[in-house]
Amino acid sequence: MAGKTARYAWMNGELVAWEDATVHVRTDSFMYGANVFEGIRAYASPDKTQLYVFKSAEHMGRLFNESMKILRIEVPWSEAQTTAGMLELLRANEFHEDVHIRPSAFFGGGEAHTFDPKKIERGFVITAVPRPQNPDTLWGGFHVCVSSWRRIGDEMMPPRVKAGANYLNGRYAFMEARVEGYQSAIILNQNGKVAEGPGACVMMVRKGEVVTPPVTAGILESVTRATLIQLFRDEMGIDVVQRDIDRTELYVSDEVFFCGTGSEVQPIISVDKYSVGTGEVGPIVKRMQEIYFEIARGGNDKYSAWLTPVY
Ligand code: PMP
C-alpha cells in the first residue's frame, strides 16, 4: 500500500482523504491495468511561495483526446473539471515544493469478465506527491544499456496511449537494466531502431545535429520532447532532426539524454559501457537543463503561458 504522502486525493469529482482513494481488487484497472493516466509536474518557485503546473493543458489534453479516446474510456467529468480538480487538490494539500501529479481514468467495478465499457464503472482519480529532483543523476548522468526487450508497437499495444498496462514493457527493460548494474535502459522498436526509455524519450547529439526518433517509432508522444524541440529552435537556434536512430549511433554520439516529465532533461553518459562523447555531461544537454528549469520555475516570462500558477 502506498505510504501516506499527501493529505488528500481527488476522486470521482471530489476531494477525499488520501486513505479513501481506493478501488476494489476485482476492478479491471487493478487486475488488467485497464487505465490511462498522465504524469505532470508542478515546480516550486525559487522562494517557494508559488507552485507552477507545467504544461497542464497539454497533459490533460493528451489524456482526454488521445489516451482515453483510443481506449474508448469515457468518464462523467470533463477536461475542465479534472483540471480544476487538480488545482483544488494541490491547494488543499498546501504543497510548496516540487510535486508529481497523476491523473488517471480507469475501469472500475461492474459486470465481471466483460470488456464492454457500458457494463463497467469508470472512475477518475488524481493524486499528487512531493517529488524532489535527484541532483546526483540529474547533474552527473546515467549509465544505461540497450535492452534485450523490444518496445511494444502501434499495431498491438500502442505506446501513444499512456496506459498502465504499457508500463509492463518498460518495467521488463528497466528491471533487466538494474539487474545488470545499469541505471536505466534504451528500448529498440520492432524495426531494431531506438524507440525510447522505460519512461522517457531519447535525444542524441551527433555530427552537430540534435536527433530524436519520430513519433511513429514506437514512442509516447511526449510533451517534454515537443517542448525541447521548440526550445532548441527558439533558444539555441538548433532544428531538431526527427529520424530513426541506430543502436550503434548511440555508441559514437557526442551526447545522449532522456527527456520526460519525470526524467526532466536527464543526461546519459554511457550506453552499453561505451562512453558517450567524453563520458561527462555534454554542453548542449547542460545548456538545455538551464533553459528548461528556469522556465519551469517561472523565471522566463516569455514562456509564462506554459505554467499554471496554483496560488
Ligand atoms: N515515454 C514514456 C514511455 C513515458 O512514460 C514518458 C513519461 N510520461 C515519456 C516518454 C515522456 O513523456 P512526457 O514528456 O509527456 O512526460
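Residues numbered from 1 in each chain as written. Predicted model: local features only at pLDDT ≥ 70, side-chain atom pairs only at ≥ 80, totals over all residues. Heavy atoms only, no water.

(A) Main features of the packing of helix α2 (residues 56-71) against helix α3 (residues 79-92). Relative to each other, α2 and α3 sit at 135 degrees, their axes nearing to 10 Å. If you check the angle between α2 and α3, you find them oblique. Considering how the two elements wind past one another, α2 and α3 form a crossing that is right-handed. Taken together, the residues of α3 that come into contact with α2 (itself represented by Ser56, Ala57, Met60, Gly61, Phe64 and Asn65) are Glu79, Thr82, Thr83 and Met86. When grouped by side-chain class, the residues that make up the contact of α2 with α3 number four nonpolar, five polar and one charged. (Axes fitted to C-alpha atoms, helices over the stretch in contact; angles between N-to-C directions. Helix = DSSP H or I, 4+ residues; strand = E, 2+ residues; numbered from the N terminus. Parallel < 35°, antiparallel > 145°, perpendicular 65-115°, else oblique. Left-handed = near helix turned anticlockwise from the far one by under 90°. Contact = heavy atoms within 4.5 Å. Nonpolar A, V, L, I, M, F, W, Y, C, P; charged D, E, K, R; others polar.)

(B) The arrangement of the nonpolar core in detail. Grouped together as the largest cluster of nonpolar side chains are 33 residues, with contacts concentrated most on Val53, Met68, Leu90, Ile101 and Phe124. When residues of this core are traced back to their parent elements, those giving at least two are β4 (40-44), β5 (51-54), α2, α3, β6 (99-110) and β7 (120-130). (Core = buried A, V, L, I, M, F, W, Y, C linked by side-chain atoms within 4.5 Å. Buried < 20%, exposed > 50% of the residue type's maximum accessible area, 1.4 Å probe, protein only.)

(C) Broad picture of the pattern of salt bridges. A complete count under the given rule lists 14 salt bridges for this structure. Ionic pairing is found between glutamate 221 and arginine 160, a salt bridge with its closest N-O pair at 2.5 Å. Separated by 61 residues along the polypeptide, glutamate 221 in the loop between β12 (209-212) and α6 (223-236) and arginine 160 in the loop between β8 (142-150) and α5 (167-179) bring together distant segments of the chain. Relative accessible area serves as the criterion here: at 29%, glutamate 221 is assigned to the partly exposed category. Among the salt bridges present, the one from arginine 233 reaches aspartate 234, with a minimum N-O distance of 2.9 Å. On the basis of relative accessibility, which here comes to 36%, the residue aspartate 234 falls in the partly exposed class. (Salt bridge = Lys/Arg side-chain N within 4 Å of Asp/Glu carboxyl O.)

(D) Highlighting the site of the ligand. Near the ligand lie 17 residues; those nearest to it are Tyr167, Glu196, Ser222, Thr224 and Thr261. Arginine 62 is positioned with one of its side-chain polar atoms (N or O) 2.8 Å from an oxygen atom of the ligand. Between the ligand and valine 223 there is a distance of 2.8 Å, counted from an oxygen atom to a backbone nitrogen or oxygen. Within the complex, the protein chains bury 97% of what would otherwise be the 380 Å² of accessible surface of the ligand. Of all the secondary-structure elements, those providing two or more residues to the shell around the ligand are α2, α6 and β14 (255-260). (Near = heavy atom within 4 Å. Polar contact = N/O pair within 3.5 Å; in protein donor to acceptor, adjacent residues only side chain to side chain. Areas by Shrake-Rupley, 256 points an atom, 1.4 Å probe, with all protein chains shown as cover.)

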